Amino acid sequence: MKAFWVLGLFGLVLVRWADGFGFEEWNVSEVRLQTDGFVGRNPLLVGLTLIQSAAAKGAVCMDGSLPGYHLHRGYGSGANSWLVQLEGGGWCNDMSTCIYRKTSRRGSSNYMEKQLQFSGILSDKPQENPDFYNWNRVKVRYCDGASFTGEGYNAGAGIYFRGQRIWLAAMEDLMAQGMRFANQALLSGCSAGGLAAILHCDEFRALFPRRTRVKCLADAGMFLDTVNIAGGRSLRSFFGGVVHLQGSARNLPRTCTSRMDATSCFFPQNVVDNIQTPLFLLNTAYDVWQIQQSLAPKTADPHGFWQGCKMNHLRCNANQIQFLHGFRSQMLNAVRGFSKSRQNGVFINSCFAHCQSERQDTWYASNSPLIGNKRIANAVGDWYFDRSEIKDIDCQYPCDGTCHHLIFRKNY
């Protein structure tokens, strides 16, 4: 346990970096921020199940290996309730970055951990996860590089782009495992998995009869098509590469692709207003992944004027903070129409973070972030069970003293 604690703390401050998005291995949903009671005395470790039927359907990881998931069974009042969490972990947008990804757990089940710790929304303890602790809880592993949307194959590099098939194979397998009997279901995801939860939300709803309560939760999935510090659109350029290389266009929501180009439809701001299934957006107004990789990437900041600020918000000058306030305003504008629907939920806090549902300290703990008097877990639970309408938007930084900000340094 002590070794796990040390490795977890080490993982918080040392993050592997390389130029460009594709080589980025930072998946903050896996960062272990060690606070009192975060790991606990008996952490829940859940084994990996490979989907044996997937190969016959061509539903394989980038290297051709079988996809998989981790399932912890529910019990009692949650025996027929299902929470499906789509794993995050970036994307690849060209052959070199996809070849790199193919040799990691993000592109091959051969490199995946055989066990994962379930915490936060995946925890099995009522004191850590009051509304979903006894549900059937699943984490679907991410090994395609396009938020479970790709369809293609590159024979020269031997790389499969089969994200959509993996999604379908995983859902089919889980339905056979008992999910078809669900009386309640929640599709969730963090980061690239949060984007996937948005893009597949209505498909998830279609799996179940009308009487089943089905909703979706996207954590840190609101990636914005916004201008960077140099006036360019770094993320749009990157997402364009992902969509065209991996053949995602045919699998993006038709309500969007019927009126916009495919790259635009990879951005949630152009999709969420037309999703029919109830959806909850959990995001920070100052998303650190987007600050570092979309607003102030190295290509837009060759002299490193933003280096200190993007790694530690306390090192931002007044002009930089003003620019980040502008990003927050764009985030709020992007969800304005979406939030008008009574069935949808919103929780946007003014923290410098990325992914808050899988981490125990931010999901539900004594010092978790609050908007008003609600922790994130309470807000999501109240929305899911229709206990109250949730449209919680924080005041701008630095007014919120409950935030768990992430501060990083390079691993030289």
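Above this text is the structure in question.
Everything numeric here is computed off the predicted structure, so don't read it as measured data. (Residues numbered from 1 in each chain as written. Predicted model: local features only at pLDDT ≥ 70, side-chain atom pairs only at ≥ 80, totals over all residues. Heavy atoms only, no water.)

### Describing the overall build of the chain
Counting its regular elements, the chain contains 13 helices and 16 strands. Taking contacts inside the chain between residues at least 6 apart in sequence as the whole, the part at least 24 apart equals 76%. Here the chain has roughly 15,800 Å² of accessible surface; of this, 51% comes from carbon and sulfur atoms. (Helix = DSSP H or I, 4+ residues; strand = E, 2+ residues; numbered from the N terminus. Contact = heavy atoms within 4.5 Å. Areas by Shrake-Rupley, 256 points an atom, 1.4 Å probe, with all protein chains shown as cover.)

### Looking at the side chain of Asp-225
Relative to the helices and strands, Asp-225 is located in the loop between strand 10 (213–219) and helix 6 (234–246). Taking the relative accessible area as the measure of exposure, Asp-225 reaches 18% and is therefore buried. Side chain to side chain, Asp-225 and Arg-236 meet in a polar contact 3.0 Å long. Among residues more than four places away in sequence, those in contact with Asp-225 are Arg-233, Arg-236, Phe-267 and Gln-269. (Buried < 20%, exposed > 50% of the residue type's maximum accessible area, 1.4 Å probe, protein only. Polar contact = N/O pair within 3.5 Å; in protein donor to acceptor, adjacent residues only side chain to side chain.)

### Re the state of the cysteines
Inspection of every chain in the model, using the stated rule, returns 8 disulfides. A disulfide bridge connects Cys-61 with Cys-143, and the sulfur atoms are separated by 2.1 Å. Handedness here is read from the sign of the S-S torsion; for Cys-61 and Cys-143, about -75°, the answer is left-handed. Highlighted residues: Cys-61 in the loop between strand 2 (44–50) and strand 3 (68–72) and Cys-143 in the loop between strand 6 (136–140) and strand 7 (152–154), separated in sequence by 82 residues. (Disulfide = S-S within 2.5 Å.)

### Focus: unusual backbone geometry
Between Tyr-397 and Pro-398 the backbone carries a cis peptide bond, its omega angle lying at 15°. In this fold, Pro-398 is placed in the loop between strand 15 (391–393) and strand 16 (409–410). At Ser-147, a position not held by glycine, the phi torsion is positive, near 55°.

### Quick word on the sheet that holds strand 10
Pairing between sheet strands relies on hydrogen bonds along the backbone, with the strands arranged either parallel or antiparallel. The strand order across the open sheet built from 10 strands is 5-2-3-6-4-9-10-11-12-15, with neighbouring strands paired in mixed fashion. Edge positions in the sheet fall to strand 5 (115–118) and strand 15, since each has one partner strand and no second. The sheet shows a mean angle of 20° between the axes of neighbouring strands, taken without regard to direction. Judged from the 3 bridges that link them, strand 2 and strand 3 form a sheet pairing that is antiparallel. Bridge assignment links Thr-49 to a residue of strand 3, and that residue is Tyr-69. Packed on one face of the sheet, helix 4 (residues 192–199) meets strand 4 (81–86), strand 9 (184–190), strand 10 and strand 11 (279–287) and runs near 140° to strand 9. (Pairing = 2+ DSSP bridges. Axes fitted to C-alpha atoms, helices over the stretch in contact; angles between N-to-C directions.)

### With respect to the environment of Ser-341
Mapped onto the fold, Ser-341 is located in the loop between helix 11 (336–339) and strand 12 (345–353). Separated by 68 residues in sequence, Ser-341 and Asp-273 have C-alpha atoms that sit 8.9 Å apart.

### So, the nonpolar core
Trp-91, Val-140 and Phe-204 are the most contacted members of the largest nonpolar core, which has 83 residues in total. In terms of residue count, the dominant contributor to this core is helix 3 (residues 163–176) (7 residues). Ignoring sequence-local partners within four residues, the contact set of Val-140 consists of Gly-68, Tyr-69, Val-84, Gln-85, Leu-86, Glu-87, Phe-148, Ala-170, Met-171 and Leu-174. Counting 22 residues, the second-largest nonpolar core is a separate cluster that includes Leu-44, Phe-347, Ala-379 and Tyr-384. (Core = buried A, V, L, I, M, F, W, Y, C linked by side-chain atoms within 4.5 Å.)

### Description of the pattern of salt bridges
Throughout the structure, instances matching the rule amount to 19 salt bridges. Glu-87 serves as the salt-bridge partner of Arg-106, at 3.1 Å between the closest nitrogen and oxygen. Residue Arg-106 is located in the loop between helix 2 (95–102) and strand 5, and its partner Glu-87 is located in the loop between strand 4 and helix 2; the two are separated by 19 residues in the primary sequence. Residue Arg-106 is classed as buried on the basis of its relative accessible area of 6%. Judged by its relative accessible area of 0%, Glu-87 falls in the buried class. (Salt bridge = Lys/Arg side-chain N within 4 Å of Asp/Glu carboxyl O.)

### Some words on helix 4
Of all 8 residues making up helix 4, 8 are buried, and the element is well covered by its neighbours. Every buried residue belonging to helix 4 is among Ala-192, Gly-193, Gly-194, Leu-195, Ala-196, Ala-197, Ile-198 and Leu-199, and all of these are buried. If you follow the buried residues of helix 4, they end up packed against strand 4, strand 9, helix 5 (201–205), strand 10, helix 6 and strand 11.

### Topic: the environment of Arg-250
Mapped onto the elements, Arg-250 comes out in the loop between helix 6 and helix 7 (254–257). According to the relative accessible area criterion, Arg-250 is partly exposed, its value standing at 49%. With 86 residues separating them along the chain, Arg-250 and Gln-164 place their C-alpha atoms 9.8 Å apart.

### Details of the packing of aromatic side chains
Considering all chains together, one arrives at 25 aromatic pairs under this definition. Where Phe-239 meets Phe-266, the ring centres are 4.9 Å apart and the plane angle is 85°; that geometry is what we call edge-to-face. Within this pair, whereas Phe-239 is found in helix 6, its partner Phe-266 is found in the loop between helix 7 and strand 11, the two being separated by 27 residues in sequence. Phe-266 sits in the buried class, given a relative accessible area of 0%. Clustering of aromatic rings is evident, with ring pairs tying together Trp-91, Phe-223, Phe-238, Phe-239, Phe-266, Phe-267 and Trp-289. Geometry around Tyr-142 places Arg-101 over its ring, the cationic atom sitting 4.9 Å from the centre. In this arrangement the basic side chain of Lys-215 is found over the ring face of Tyr-384, its NZ or CZ atom lying 5.5 Å from the centre. (Phe/Tyr/Trp six-rings, centres within 6.5 Å; stacked < 30°, edge-to-face > 60°. Lys NZ or Arg CZ within 6 Å of the ring centre and 35° of its normal.)

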